[in-house]
Amino acid sequence: MSETLSRRDLFKVAGAAGAAAAAGPAAAQTQPPVAEPADGDRVLFFFTDPEARFVEAAAERLIPKDPRWPGAADAGVLFFIDRQLASAWGAGDRMYLKGPWKPEAAPEQGYQLRFTPAELYRIAIGEIGEHCRQAYGGKEFWDLGEPVMDEVLGKLETGGIALPSLPSAVFFETLLANTIEGFFADPAYGGNRGMAGWRMVGFPGAYAQFVDLVDVHGHEYRREPIGIGNTAAREAHLKAHASHMPAPTGAGRP
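About the criteria used
Residues numbered from 1 in each chain as written. Predicted model: local features only at pLDDT ≥ 70, side-chain atom pairs only at ≥ 80, totals over all residues. Heavy atoms only, no water. Salt bridge = Lys/Arg side-chain N within 4 Å of Asp/Glu carboxyl O. Helix = DSSP H or I, 4+ residues; strand = E, 2+ residues; numbered from the N terminus. Buried < 20%, exposed > 50% of the residue type's maximum accessible area, 1.4 Å probe, protein only. Contact = heavy atoms within 4.5 Å. Axes fitted to C-alpha atoms, helices over the stretch in contact; angles between N-to-C directions. Parallel < 35°, antiparallel > 145°, perpendicular 65-115°, else oblique. Left-handed = near helix turned anticlockwise from the far one by under 90°. Expected span 1.5 Å × (residues − 1). Arc of directions from axis to C-beta.

**Student:** Explanation requested: the pattern of salt bridges in the structure shown.
**Tutor:** Pairs can form between side chains of opposite charge whenever their charged atoms are close. The tally for this structure, following the rule as stated, stands at seven salt bridges. R122 serves as the salt-bridge partner of E51, at 2.7 Å between the closest nitrogen and oxygen. Separated by 71 residues along the polypeptide, E51 in helix α2 (residues 49-62) and R122 in helix α4 (residues 117-135) bring together distant segments of the chain. Among the residues examined, E51 registers a relative accessible area of 9% and is labelled buried. One network of salt bridges, with partners in common, ties together R61, E146 and D150.

**Student:** Looking at this structure, how should I read the environment of G92?
**Tutor:** Position of G92 relative to the elements: it lies in the loop between α3 (77-85) and α4. A relative accessible area of 9% means that G92 is categorised as buried. Apart from the residues within four sequence positions on either side, G92 is in contact with L97, T116 and P117.

**Student:** For this particular structure, what's the right way to read the packing of α2 against α3?
**Tutor:** Angle between the axes and distance between the axes: these two values describe a pair of packed helices. Two elements in contact, α2 and α3, have axes separated by 9 Å at closest approach and are oriented at 125 degrees. Taken together, the axes of α2 and α3 are oblique relative to one another. For the crossing formed where α2 meets α3, the hand is right-handed. Here α2 contributes A52, V55, E56 and A59 to the contact with α3, which in turn contributes V77, L78 and I81.

**Student:** Looking at this structure, how should I read helix α5 (residues 146-158)?
**Tutor:** An α-helix turns once per 3.6 residues; consequently, residues spaced three or four apart project the same way. Look at α5: 18 Å from first C-alpha to last across 13 residues, which is about the 18 Å you get at 1.5 Å a residue. Within the span of α5, buried status applies to M149, V152, L153 and L156. Relative to the axis of α5, the buried residues are bounded by an arc of 95 degrees and lie together on one face. Set apart from the buried face of α5 by more than 90 degrees, the exposed residues are P147 and T158. Looking one or two residues past α5, G159 carries a phi angle of roughly 80 degrees, positive in sign.

**Student:** Quick question: what am I supposed to make of unusual backbone geometry here?
**Tutor:** Trans peptide bonds make up the majority, and among non-glycine residues the majority have a negative phi. For the peptide bond that leads from G99 to P100, omega is 0 degrees, which places it in the cis range. Its place among the elements puts P100 in the loop between α3 and α4. Located in the positive-phi region is R94, a residue other than glycine, with phi close to 70 degrees. In this structure, R94 sits in the loop between α3 and α4. Backbone geometry at M195 places phi at a positive 55 degrees, although glycine is not the residue there. Following the sequence through the fold, M195 ends up in the loop between α6 (168-184) and α7 (196-201).

Written out as structure tokens, the structure reads:
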């Protein structure tokens, strides 16, 4: 099994565990193409154009497309991360960012940098870009080709590239976590376009309940996933399964 397939299988397991769906994989389904996003869905709120090109290229190497499934780029992971960084989370809301900071601290002691997530991305991308231009004859990261991009990402993961302002492994871990989140989060947050991540692991989305399926085994799950923003589809599903819902408190009393 290739490294790419092993990595994708890992994402499938992680996504399925997070979704906690009782559904089997949609192995025999034909994957429809990811819908072309509307113009408004292409708007960037945080990244500059060079930053966006780096994130999109790096995320695509972390979850590359294959003959059947789209990769992180087509799934809109860039736009998921962009919206997160433009939000209160990106500004470090509810994060403890006061010192002292101890880079050598144990993982159990948590994040040990003074930077908000937005600052972490901006500084790291700038310094990685400078490293690539110096190490690869003036080329940008996204022009290096897949093998060299993988080499750069591998060095970021292991600390093999010394960034001036922060540990490269901290940025890599953040980018990897955000890429997985963007691939599997509800499409309402900008990623998981076409619900590609959900289709890959067989997660049905926001159906609310599966009472009618608890005792059903050995069948392939073919129902179309539903996002939290698709109110009409969710209401139609709930209406179709109204007979399985518990009666309201007091119902049927004289």
